[in-house]
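Structural overview for review
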Amino acid sequence: MAKILIVDDDEGLVHFLCRFFMRQEHEVHACNSGGAALEMVSGDLFDLILLDYKMPGMNGLDALREIRKLQVKTPVIIITAYGTMDTAIEAMKQGAYDYLLKPFDRNELQRVARDALEVNRLMKEVVSFPAPGSSPSPVPEGIVKIVGNHRRMQEVYKLIGQVAAKDVTVLITGESGTGKELVARALYHHSGRKDKSFLAVNCAAIPESLFESELFGHERGAFTGAEHLHIGKFERCHGGTMFFDEIGDMPLATQAKILRVLQYGEFERLGGTQTLKANLRIIAATNKNLEQSVEQGRFREDLYWRLKIISIHLPPLRNRMEDVPALVDYFVRLFGEEYQMAIRYVEESALARLKSHTWPGNVRELENCLRRAILLSSGDVIMEEHLKFDYAEHQVSSGTDREQLAARLERKLGECIPDILQSSDGMLHESVLDLVERVLISRIMEQCGYNQVKAAKLLGISRNTLRHRIKKYDIFSPSE
């Protein structure tokens, strides 16, 4: 539930907006002047403010200027019946999140308010990370924590600490569910831009036809249906931080324009001729192999190297399984407080099951599993029967498991066949089998902490056979 303030002298509109947001179970407050709004803002914290532009006495822009001094991070949406270009641009300059034209569409109101509340959460919910080598500590209210003491996570913490305050572009890589957005937010919260906007852009969720308009904005008449000036995310994020999630899915045509923003700090709205400045920091994340995408012509090489000034790689959970108990403890306490359920501990058999699962969905899958377990538990203990997994277990003890594993392998191999055929040297069968075996043994060795006894048992081969394969494929521990 969010706390929303509505500032407008139109009683009918205020009544409508109050009912609209209260139906969504938000806490709504209202007043009819800029002066009254300043009094309320000075004594209370809000998650979203809707502010009328034209009011008697102090107008909306003057009120916005003062509100910004009191509540720096609270998104403010300007409501106006005077939708001139100058009004919109001035509102953005003063720090408005967006503006709505009267009379506005309910769906548009819903979309803009929902997005603004998400931005408010991302900016105000601080992400913390432990200093390398430090012991776990309690998490204060309003803080989200990156959890894990594995050496590879220690390297991540060290990099965050080294570059957060430096105004450089960062590329975060890793599988889905490893926590790339948390790292991006940690970089933001510990940067010099932490009192400015943080806007997240999911490149996989925006239709290609709308991508450039969303980022750069457009002038009225720029294309069919462009009835009003639209301020894009770059303009709204001036001075702040923009996070491009799944940047590997960004259209090639847009990549060239993003490169110009990175190189020269400038852009134009669609249909416009004025060059605008973009003073912001860009953080990008992807679960794809961008080097491979560059080779295949799906991602610009010059943009790739511009993004990869600093690179932070997040390991999959299966490669840091010793962090599972700490993650379980963190999520159980977090969700126990959220749902007001006093969970005392996790049953030994349940914890053993959690520690044996390979977590293809990574930390996000573990988080979902524990959230469900807490909701399903009737007492103060999480038992094995409460655990429901998002993905099938990757054990091959039954026909069903074998079929599921075979289907996944067939699908993944099918994606690689074009590259395999292209690089074939006439010994396709032997080279592919060697490649698969080398990758399999390397991953198992890493997961087992390079303990040959454990790895051989998991692989179902003798230790002598494993030694032979290690020598054949030059597989050694990083410490050797």
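Rules used throughout
- Residues numbered from 1 in each chain as written.
- Predicted model: local features only at pLDDT ≥ 70, side-chain atom pairs only at ≥ 80, totals over all residues.
- Heavy atoms only, no water.
- Helix = DSSP H or I, 4+ residues; strand = E, 2+ residues; numbered from the N terminus.
- Buried < 20%, exposed > 50% of the residue type's maximum accessible area, 1.4 Å probe, protein only.
- Polar contact = N/O pair within 3.5 Å; in protein donor to acceptor, adjacent residues only side chain to side chain.
- Contact = heavy atoms within 4.5 Å.
- Pairing = 2+ DSSP bridges.
- Axes fitted to C-alpha atoms, helices over the stretch in contact; angles between N-to-C directions.
- Parallel < 35°, antiparallel > 145°, perpendicular 65-115°, else oblique.
- Left-handed = near helix turned anticlockwise from the far one by under 90°.
- Nonpolar A, V, L, I, M, F, W, Y, C, P; charged D, E, K, R; others polar.
- Phe/Tyr/Trp six-rings, centres within 6.5 Å; stacked < 30°, edge-to-face > 60°.
- Lys NZ or Arg CZ within 6 Å of the ring centre and 35° of its normal.
- Expected span 1.5 Å × (residues − 1).
- Arc of directions from axis to C-beta.
- pLDDT = per-residue confidence, 0-100.

1. Describing the overall build of the protein chain
If you tally the helices and strands in the protein chain, you get 19 helices and 16 strands. By the burial criterion, 45% of the 480 residues in the protein chain qualify as buried.

2. Description of the side chain of H357
Within the secondary structure, H357 is located in the loop between α14 (348-356) and α15 (362-376). On the basis of relative accessibility, which here comes to 0%, the residue H357 falls in the buried class. At 3.0 Å, the side chain of H357 forms a polar contact with the side chain of E365.

3. Remarks on the side chain of S213
As for its placement among the helices and strands, S213 is situated in helix α8 (residues 208-216). Of the residues examined, S213 reaches a relative accessible area of 8% and is grouped as buried. Among the polar contacts listed, one links the side chain of S213 to the side chain of H218, at a separation of 2.7 Å. Apart from residues no more than four positions distant in its own chain, S213 is found in contact with H218, F223, H230, G232 and L270.

4. With respect to the sheet that holds strand β13 (residues 281-286)
The five strands lie next to each other as β9-β10-β13-β8-β14, forming an open sheet whose pairing is parallel. Across the chains shown, the open sheet's two edge strands, defined by having one partner strand only, are β9 (198-202) and β14 (310-313). Averaged over neighbouring strand pairs, the angle between their axes works out to 20 degrees when direction is ignored. Sheet strands in contact with helix α6 (residues 151-163) are β8 (170-173), β13 and β14, and its direction is about 150 degrees off that of β14. Lying on the sheet, helix α7 (residues 180-189) is in contact with β8, β9, β10 (241-245), β13 and β14; it crosses β8 at an angle near 155 degrees.

5. Thoughts on the packing of helix α13 (residues 324-338) against α15
With their axes 9 Å apart at the nearest point, α13 and α15 run at an angle of 45 degrees to one another. As the angle between them shows, α13 and α15 are arranged oblique. α15 is crossed by α13, and the crossing has right-handed handedness. The residues of α15 that touch α13, namely those facing L327, V328, F331, V332, F335, G336 and E338, are V363, L366, E367, L370, R371 and I374. Here the contact of α13 with α15 is built from residues that sort into nine nonpolar, one polar and three charged.

6. As for the packing of aromatic side chains
Going through the model one piece at a time under the given rule, you end up with 13 aromatic pairs. An aromatic cluster is built from F216, F234, F244 and F267, whose rings are joined through pairwise contacts. Directly above the aromatic system of Y97 lies the positively charged group of R236, at a separation of 4.4 Å from the ring centroid.

7. Thoughts on helix α10 (residues 252-264)
Here α10 spans 19 Å end to end across 13 residues, near enough to the 18 Å set by a 1.5 Å rise per residue. Considered for burial, the residues of α10 that qualify are T254, Q255, I258, L259, V261 and L262. Buried residues of α10, viewed axially, fall in a sector of 160 degrees; they line one side. In α10, the exposed positions angled more than 90 degrees off the buried face are occupied by A253 and Y264. Where α10 is buried, its residues contact α8, α9 (233-236), β10, β11 (266-267), β13 and α12 (301-307). Once α10 ends, the next one or two residues include G265, with phi positive near 65 degrees.

8. Quick notes on the confidence of the model for the protein chain
Mean pLDDT over the protein chain: 87, with 88% of residues reaching 70 or higher. Confidence drops under pLDDT 50 across residues 393-400; counting only partners more than four residues distant or on other chains, this segment forms 10 contacts.

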